[in-house]
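# Working through the structure, step by step
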Amino acid sequence: MKRVAIVGGGIAGLAAAYELEKQRLAGADLDWQLYEASERLGGTVSTTRIEGFVLEDGPDGWVTEKPWARDLAVELGLKDELISSNDATRKTYILIDGKLEAMPGGMRMMVPESLESLEGCALFTEAARAAYAAELARADELKASAPTEDESVSSFVRRHFGEEVLEKIGAPLLSGVFGGDVAKLSVQAVMAGFVTMEREQGSLIAAVQAKLKARGNKPHPPIFTSLRRGMGSLVEAIVAKLPAERIHLSQPAMSLKREGKLWCLKTMKGTGKAKRHFQRVLLATPIDATKVLLESLSAEAAALVPNDASSAVLATFCWKPEAASQFLVPTGFGFLVPPDASATESLLAATFADQKFPGRVPEGCKVIRAFFGGASAAALMEQSDEAVTAAALKQLRAIFGELPQPEASLTTVRRWPRSLPQYAVGHLERMAKLETLVGELGGIKLLGNAYRGVGVPDLVRDSRAAVRAEY
Ligand SMILES: Cc1cc2nc3c(=O)[nH]c(=O)nc-3n(C[C@H](O)[C@H](O)[C@H](O)COP(=O)(O)OP(=O)(O)OC[C@H]3O[C@@H](n4cnc5c(N)ncnc54)[C@H](O)[C@@H]3O)c2cc1C
């Protein structure tokens, strides 16, 4: 019988456990156990449900284009729970000089589907519109000079559209997802689709237009998908399929050593330690824990695990109908703030949660989720909930004017320290080396958001594929 340990009970570890349990029930001769450091499962995926409000503590949905989270949800019996983002009223704003300026419609990240959509858009100066037009005209030159080496997101966006587009849309969009610095992020790792487009067509605008044309009249799927009762219901549905006796909460892994042909995993259990042996170990831990566990096995491998990770601090505010009717929130999903390295408590983004997905709040209520990332999140991480909410409200008030006081009992603050690993330039190459080195150890596999994608669908795909490949 193969004994398998899963270390870490975030969505990556849980998806692996689900797949292992499926294989076991189908007759595979295996025994798996999952060790989670905290008292709960799900990691960053967590939903607070209170007084009819569905408040997301971490991810609030997933990109529909990536089918793997949906597939899992359907398999778990959640088909009727799937909801689509309110795309008919989809708009994203960028905070420029204290004002929310709408991004033009029909954008694929920073790439417009047509130059016409940029006309009359207050977000861009004439120079930025000219840079967009020039990109289309420079297709041959861009194709001929497409680099084979990796480069930063900022260098890639700047080459195509210039500094203004990078600062106003490129940086806030990417920082909003990866929490990181576009001057360091690897374009090959985080925007692989655009890199391919550049190689094939030179101009990204031309490539996006060609895709649209090929698509014809097929309706666009919703941009985001989520679950009626929140992302936490994905975790709950997985956990419901797993035998409780295989899950060990509050048991952080402390060390991993080779003993003969087996891996010896030591965990903290209460005030003592527990030691168990396994043939296989799936490490689905955040980067700092993974580095500690790998260090004594292969310092070289440990060093290849990403070092930098961005933190997130979220403050969510709810207003019941009477207070909600006293202020206006523009139609749309939320706004992004161009990163400013000198600002210490600057929001990175905010979501108009009641407008992004249907049915998240009782009739007539409003919810804004404010998101601090990067240096601001690091600065606020150790501060009190009151300090975090005060910092967020101050900025929201500067934008929306005199916001009424949000419901105190519904205000939440969540901290996710070092939760978003940075895929720095050269990431894919380092990950290939890391995979080889870890493969040589025999029986260990690295799962989680540090390697092959940070989104929930990526992690579900990756963990399930890793298990299917071997068991
Ligand atoms: C604020 C925020 C918003 C996001 N929004 C979205 C979104 O809308 N859509 C989307 O697709 N993605 C989103 N993401 C990304 C996505 O949610 C994460 O990448 C993903 O949930 C990470 O899952 P994971 O299992 O890799 O890690 P984690 O969720 O970090 O889980 C790791 C687990 O390992 C445990 N652990 C740590 N050390 C040990 C140890 N020594 N032993 C045992 N266990 C240990 C931890 O307690 C934790 O439970 C968001 C992320 C953040 C932070």
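Residues numbered from 1 in each chain as written. Predicted model: local features only at pLDDT ≥ 70, side-chain atom pairs only at ≥ 80, totals over all residues. Heavy atoms only, no water.

## Quick notes on the sheet that holds strand 6 (residues 82-84)
Across the sheet, which stays open at both edges, the 3 strands sit in the order 5-11-6 with antiparallel pairing between neighbours. With partners counted over all chains shown, the strands left at the sheet margins are strand 5 (62-63) and strand 6, one partner each. Relative to strand 11 (residues 224-227), strand 6 is paired through 3 bridges, and the arrangement is antiparallel. Looking at strand 11, one finds that L82 is bridged to L227. (Pairing = 2+ DSSP bridges. Helix = DSSP H or I, 4+ residues; strand = E, 2+ residues; numbered from the N terminus.)

## Some points on unusual backbone geometry
Backbone geometry at E51 places phi at a positive 50 degrees, although glycine is not the residue there. Assignment of secondary structure puts E51 in the loop between strand 3 (47-50) and strand 4 (53-56). Take E51: its relative accessible area is 45%, and that puts it in the partly exposed class. Phi is positive for D97, close to 50 degrees, though the residue is something other than glycine. Here D97 is to be found in the loop between strand 7 (92-96) and strand 8 (99-102). (Buried < 20%, exposed > 50% of the residue type's maximum accessible area, 1.4 Å probe, protein only.)

## Considerations on the domain arrangement of the protein chain
According to the domain assignment, the protein chain consists of domain 1 (2-38 + 233-307 + 423-470), domain 2 (103-215) and domain 3 (309-421). A separation of 28 Å is found between the C-alpha centroids of domain 2 and domain 3. Each side of the interface is counted separately: domain 2 has 9 residues, and domain 3 has 9 residues. Note on domain 2 versus domain 3: buried area summed over both sides is about 690 Å², and carbon and sulfur give 71% of it. The interface formed by domain 2 and domain 3 includes 0 residue pairs in polar contact (both at pLDDT 80 or more). (Domains from an automatic or database assignment. Contact = heavy atoms within 4.5 Å. Buried area = accessible area lost by both parts, 1.4 Å probe. Polar contact = N/O pair within 3.5 Å; in protein donor to acceptor, adjacent residues only side chain to side chain.)

## Description of the sheet that holds strand 14 (residues 262-269)
Read from one edge to the other, the open sheet built from 3 strands follows the order 13-14-15, with strand pairing classed as antiparallel. Edge positions in the open sheet fall to strand 13 (253-259) and strand 15 (272-278), since each of these has one partner strand only. Sheet twist, expressed as the mean angle between neighbouring strand axes with direction ignored, is 20 degrees. (Axes fitted to C-alpha atoms, helices over the stretch in contact; angles between N-to-C directions.)

## Observations concerning the site of the ligand
Neighbouring the ligand are 34 residues, the closest being E36, T44, G61, V454 and V456. Measuring from a nitrogen atom of the ligand, one finds a backbone N or O atom of A37 at 3.1 Å. Within the side chain of N449, an N or O atom sits 2.9 Å from an oxygen atom of the ligand. Relative to its unbound accessible area of 1,000 Å², the ligand is 86% covered by the protein chains. Of all the elements in the fold, those that place two or more residues in the shell around the ligand are helix 1 (11-25), strand 17 (309-319), strand 21 (412-421) and helix 18 (456-470). (Near = heavy atom within 4 Å. Areas by Shrake-Rupley, 256 points an atom, 1.4 Å probe, with all protein chains shown as cover.)

## So, the pattern of salt bridges
Pairing is possible between side chains that carry opposite charge, provided their charged atoms lie close to one another. Throughout the structure, instances matching the rule amount to 29 salt bridges. Two residues, E151 and R159, come together in a salt bridge whose shortest N-O distance is 2.6 Å. Residue class for R159 comes out partly exposed when judged on its relative accessible area of 24%. Connected through salt bridges with shared partners, the residues E19, K22, E75, R464 and R468 form a single ionic network. (Salt bridge = Lys/Arg side-chain N within 4 Å of Asp/Glu carboxyl O.)

## Concerning the layout of surface pockets
Considering only enclosed or pocket space, the second largest pocket measures out at about 700 Å³ in volume. Residue lining of the second largest pocket: 33 residues in total, with S175, G180, D181, P339 and A341 positioned closest to the centre. Considering every element that reaches the lining of the second largest pocket, the biggest residue donor is helix 6 (residues 163-178), with 6 residues. Within the lining of the second largest pocket, the residues separate by chemical class into 13 nonpolar, 11 polar and 9 charged. Mapping the lining of the second largest pocket onto the domain boundaries places at least three of its residues in each of domain 2 (103-215) and domain 3 (309-421). (1 Å grid on protein atoms, 1.4 Å probe; cavity = no way out; pocket = protein on both sides within 12 Å on 5 of 7 lines; lining within 4 Å. Points joined across faces, edges and corners; volume = space filled by probe spheres on them. Nonpolar A, V, L, I, M, F, W, Y, C, P; charged D, E, K, R; others polar.)

## Some details on empty space enclosed by the protein
This model, assessed by the stated rule, comprises 2 cavities of 30 Å³ or more. In this structure, the largest cavity encloses a volume near 90 Å³. Forming the walls of the largest cavity are V54, L55, E56, D60, T316, T351, A353, F357, R360, V367 and R369. Among the elements of the structure, strand 4 and strand 20 (366-372) are those that each provide at least two residues to the lining of the largest cavity. At 3 residues, strand 4 tops the list of elements feeding residues into the lining of the largest cavity. Looking at side-chain class alone, the lining of the largest cavity contains 5 nonpolar, 2 polar and 4 charged residues. Empty space within the second largest cavity amounts to approximately 30 Å³. Counting only elements with at least two residues in the lining of the second largest cavity, the list comes to helix 7 (187-190) and helix 8 (192-201). Here the lining of the second largest cavity takes 3 residues from helix 8, the largest share from any one element. Split by residue class, the lining of the second largest cavity holds 4 nonpolar, 1 polar and 5 charged.

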